[in-house]
Amino acid sequence: MTHPEDTATIERDLRAVNAALSGGAPTHDDPTARELQELALALQADSPVPDRTFAHELGARVEAGFAAEPGARSSRFRLPRLNLLPVAGVAAPLLLIVAVVFALGGPPSGGGGNDEETSSGDSGGGGGAEVLDGGGVAAAPEAPAGRSSSSAEGALAAPPADAPGFAPAQRQRRIERSIAMTLTAPDEEIPALADGVNRVAARNGGFVLSSELDTGDGGSTGSYELRIPSGRLQAALRGLAGLGTVSSQSQNGQDVTRDFVTAADRLEAARAERRSLLRRLEEADTDEASEALRVRLDLVAGEINGLRSQLRELRLRTDYAIVSVDLIGEEGDSGSGGAGGAFDDAVGDAKNLLVGFAGVLIRVLAVAIPLSLIAGLGWLVTGATRRRRRESALA
Amino acid sequence: MPVVSATETETFAALYERTFPRVYAYVASLVRDRSAAEDVTAQAFERAYRKRSSYRPRRGSMEAWLFGIARNAALDELRRRKRRATLESDPEDTSAPSLEDHADLALRRELVRAAMATLEGNERDLIALKFSGGLSNAEIARVLGMSETNAGTRLHRALTKLRKACDDAS
């Protein structure tokens, strides 16, 4: 910190120096200040003087506006000179951020698994059992083309490796699927919508397990439980979504491959035991031995029947997806009920549009703000580094 | 390529007329080589001419801006040619004394030059900006990116050190 007296001295000396430089002679009474004045004049007088030829040449170039010299490459076609240090300083953190964003976000994959909410999808495993190849992660299937967005769209895929029911050696996966969908339509259209649900189920080889339709004064509602062949699930969902407005949709997938394999193995073992028992029964030479073998055969037969039934049930559950469809009637028009409804729709659309835009804006800002901060920091750091490197020439 | 109006060229020509000897003197004081000083001075003026649209009056006078460019060019030249040894050596006699010069004047000049060699590089830079470049303390502060008070204090410190070196040498 500078002492106040020092400050006064400094100001006096600097004023004296400036006065000497302006006047061309030392004038101050104080000996120290006068000495500084003399020194300043000596330094000024000792300043290098430019060569006249050089001054003349440079003056001519200035007057010509620094036009390109003959033979020199025109500056018009000169590539911009890149200073790699600041470029690298800004690019490096940007690349880092992009890499981190990609690493955290990751490519979309067919996650999901047991009892995990997923969205609609279908592996298209033919008309039979629902199978996915290899127990790996399945690619995200195409989402149904609904008239509006569903609540949980995405992919239904094989479960993760550590999920219960996982049988690593099995290439053929058995996935039990259930889909819940809510369709909304104007009240008066609910009966037609119900018919449409029936038609979609029949058209895709499925059937209606249960249905309920209420068209009372309090509003129309309906509830359907369908069984759709897994191989036709995607087409069926598309058809259902085309009937009305999909206000929500969720899917659930559970891998039952291990249960299936276990039951099949046990059935095979029980059959082998039965064959063995039959052979032994043929060879039995006492009544007691024959009776004991018959008792054992009855037990094994019961076990075989149970396992067959279990396998049948598993096949049914995986060959057919459970599709629950709720129909909800809405009061008001069906799109042609008057100006008020149209206005409400327009307001609703505008609101949705604004919400969507705000969402996009927030996402963009969430990326852009940190990127800008890091780029700015990089710019400052590279600027300071360049300045320090320049100044090092004076050190 | 920017379109240059006749008025702009005249303005720049006026700036050149006003500052050329001082810019050269400052650059020569830094690089200590007549040929390099000419190259750097020409480069600085050309750079300033090409970038004149980037000058903002609120960020200081045009002279301070020009000297900033000249300083950067000189420092780049020093770095490029690794002139540190030259900077620390005795300055070249760029204005050789004529026969009419007094012996006292020549002696004093030698004394000051020897004393200059004892200063740090940034102190010599300050001295050169002030006495060769003829800049005010405010302009020096702008060129060096510091406050005017700080520039004045540093300048006073460098002058005092130089005076003491002269006293010690005499």
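One structure accompanies this document, and this report is about it.

Observations concerning the overall build of chain B
When its secondary structure is counted, chain B shows 8 helices and 0 strands. Each helix and strand of chain B, ordered N terminal to C terminal, gives the series α-α-α-α-α-α-α-α. The buried share among the 170 residues of chain B stands at 51%. Here the analysis covers contacts within chain B between residues at least 6 apart in sequence; of these, 67% occur between residues at least 24 apart. Surface accessibility of chain B: about 8,400 Å² in total, with carbon and sulfur atoms responsible for 50%.

Some points on the pattern of salt bridges
Applying the stated criterion across every chain yields a total of 22 salt bridges over all chains. Of the charged contacts in the structure, one is a salt bridge between Arg163(B) and Glu35(A), with a shortest N-O distance of 3.7 Å. Highlighted residues: Arg163(B) in helix H8 (residues 148-169) and Glu35(A) in helix H2 (residues 31-45), drawn from two different chains. Ionic pairing is found between Arg163(B) and Asp167(B), a salt bridge with its closest N-O pair at 3.7 Å. Of this pair, Arg163(B) and Asp167(B) both sit in helix H8, separated by 4 residues, roughly a single helical turn. When salt bridges with common partners are traced through the structure, they connect Arg12(A), Asp13(A) and Asp30(A) into a single cluster.

Describing helix H2 (residues 34-50) of chain B
Residues and elements named next belong to chain B. In this model, H2 (17 residues) spans 24 Å end to end at C-alpha, consistent with the 24 Å of a helix rising 1.5 Å per residue. All of the buried residues in H2 are Ala36, Ala37, Glu38, Val40, Thr41, Ala42, Ala44, Phe45, Ala48 and Tyr49. With a side-chain oxygen positioned 3.1 Å from the backbone nitrogen of Ser35, the residue opening H2 is Asp33.

Focus: the environment of Ala33(A)
Residues and elements named next belong to chain A. By secondary structure assignment, the location of Ala33 is in helix H2. C-alpha of Ala33 to C-alpha of Ile10: the two residues are 23 residues apart in sequence and 9.6 Å apart in space. Residues contacting Ala33, with those up to four places away along its chain left out, are Arg12, Asp13, Ala16 and His28.

Things to note about a nonpolar patch on the surface
Residue and element names in this part refer to chain A. Taken together, the side chains of Phe357, Leu361, Leu365, Ile369 and Leu373 present a nonpolar region at the surface, about 510 Å² in accessible area. Structurally, Leu361 is set in helix H9 (residues 339-391). Classification of Leu361 as partly exposed rests on a relative accessible area of 41%.

Conventions and cut-offs
- Residues numbered from 1 in each chain as written.
- Chains lettered and ligands numbered in written order.
- Predicted model: local features only at pLDDT ≥ 70, side-chain atom pairs only at ≥ 80, totals over all residues.
- Heavy atoms only, no water.
- Helix = DSSP H or I, 4+ residues; strand = E, 2+ residues; numbered from the N terminus.
- Buried < 20%, exposed > 50% of the residue type's maximum accessible area, 1.4 Å probe, protein only.
- Contact = heavy atoms within 4.5 Å.
- Areas by Shrake-Rupley, 256 points an atom, 1.4 Å probe, with all protein chains shown as cover.
- Salt bridge = Lys/Arg side-chain N within 4 Å of Asp/Glu carboxyl O.
- Expected span 1.5 Å × (residues − 1).
- Polar contact = N/O pair within 3.5 Å; in protein donor to acceptor, adjacent residues only side chain to side chain.
- Patch = residues over 30% accessible without salt bridge, like charges linked within 9 Å, V, L, I, M, F, W, Y side chains within 5 Å.

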